Amino acid sequence: MDSSVSLGRLELAHPLMTRGSCLPEGAQSAHLNGCVPLSHQVAGHKYGVDKVGILQHPDGTVLKQLQPPPRGPREMQFYSNVYADDHCDPCLIDLQAHLPKYHGTWSSPDTPADRYLKLDDVTRRFQKPCIMDVKIGQRSYDPFASQEKREQQIRKYPLMEDIGFLVLGMRVYKVGSDSFDTYDQHYGRGLVKDTIQEGLSKFFYNGDILRKDAITASILKVQKILQWFEGQSRFHFYASSLLFVYEGVCAPSPGSQTLRESQIAPGACEQNNNIDQSLSTMYSLHKKGCVRSHYQAKQDNGVWSSSQQPNGNRGLARLEEDREEEKSEAGQEPLSDVEVKMIDFAHVFPSDVPDQGYIYGLKNLLKVLHQILEE
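This text gives an overview of the structure that appears in the document.

Scoring rules and cut-offs
Residues numbered from 1 in each chain as written. Predicted model: local features only at pLDDT ≥ 70, side-chain atom pairs only at ≥ 80, totals over all residues. Heavy atoms only, no water. Helix = DSSP H or I, 4+ residues; strand = E, 2+ residues; numbered from the N terminus. Buried < 20%, exposed > 50% of the residue type's maximum accessible area, 1.4 Å probe, protein only. Contact = heavy atoms within 4.5 Å. Polar contact = N/O pair within 3.5 Å; in protein donor to acceptor, adjacent residues only side chain to side chain. Pairing = 2+ DSSP bridges. Axes fitted to C-alpha atoms, helices over the stretch in contact; angles between N-to-C directions.

This next bit is on the environment of Leu366. Mapped onto the elements of the fold, Leu366 is located in helix α11 (residues 356-374). On the accessibility criterion, Leu366 (1% relative accessible area) is buried. A C-alpha to C-alpha distance of 7.3 Å links Leu366 and Val222, two positions 144 residues apart in sequence.

Within the secondary structure, Gly104 sits in strand β5 (residues 102-108). You can call Gly104 buried: its relative accessible area is 18%. Apart from the residues within four sequence positions on either side, Gly104 is in contact with Tyr116, Leu117 and Lys118.

Turning to the side chain of Arg171, a few remarks are in order. Mapping Arg171 onto the fold places it in strand β8 (residues 165-174). For Arg171, a relative accessible area of 12% corresponds to the buried category. Within the structure, the side chain of Arg171 is placed 2.9 Å from the backbone oxygen of Pro129, a separation counted as a polar contact.

This part is about the sheet that holds strand β6 (residues 111-119). Sheet architecture is open: 5 strands sit in the order β2-β3-β4-β6-β5, paired in antiparallel fashion. The sheet is open, and its two edges are formed by β2 (36-37) and β5, each paired on a single side. Where β5 lies against β6, 5 bridges are found, and the strand directions are antiparallel. The residue bridging Trp106 from the neighbouring strand is Tyr116, located in β6. The sheet contacts of helix α1 (residues 71-82) involve β4 (62-65), β5 and β6, and relative to β6 the element is tilted by about 45 degrees.

Listed below in structure tokens is the structure:
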């Protein structure tokens, strides 16, 4: 799996789940011209002599070292095409909203042959970023992969074709302990049809409550990405991911104590399960936006078959309308501030038909997110 996390992927020394304090650690050693390893990379390979993974540039961007050919040049060409200054292609312009901004390539004067993609750090503005990397699609190998490579990828996660996505890593802030729980690729590969909903819900649980605000905001973002995919027949994406980021520190509710005084109590989070009537308007969004009639189609063991996929775009306009209504009623933004960005483009190829494998994965992911929200 390629690692453009801009991003935020944590390479874990121990499998499945670990817990670590989020108190400030000692200063990281500089790697190249003041760059340091990104502290919260949650998945992905590491390249280069020092195997440091994603680097943080002093200007706040991140650096992803180009992979060996043909993957690295292919990813660089994809970013260059999408962010070309001279194109007026509506399809590519719309796609920019779903990608970390590309700032060209970067090389250190000391090692000019080593090139890096320079990208926005999606996690930079968050105080305690909760991060999840989800590989999307029914196949994690491209059409030119060898038979050995295909078999290797299938062995890693045989359910990829049925489920359509794979959790590669998570980093979840726990308010009570002021620490992060981290889950690696082994955790994601252990999730099956019967456990995928519970497994994915861990990303939105902060130790006190389920962050329904973050789930609802994530649904809106994913639905917009799905809209783009259903309207394009230019590219097929393989082994590409969605990067989810939301703020782990809950904002205090109106009239409440400061965050420190409340000790980040469950009531401090937006759209939680508090039954206080003064916050009742905060909870109507997920109830009104996630209508159960949206999912009356039959299900096969909890996963949609290809002929029974839900329309992931249904309800998008309603969710957005309800979001605006909540702003008016509550006098503030009801949804958590969330980023969902597409990353990893070393296996993107031209096409003349819709990318049904990626679309399938997005719809199935939306279905599971809705189930978590409703249940």
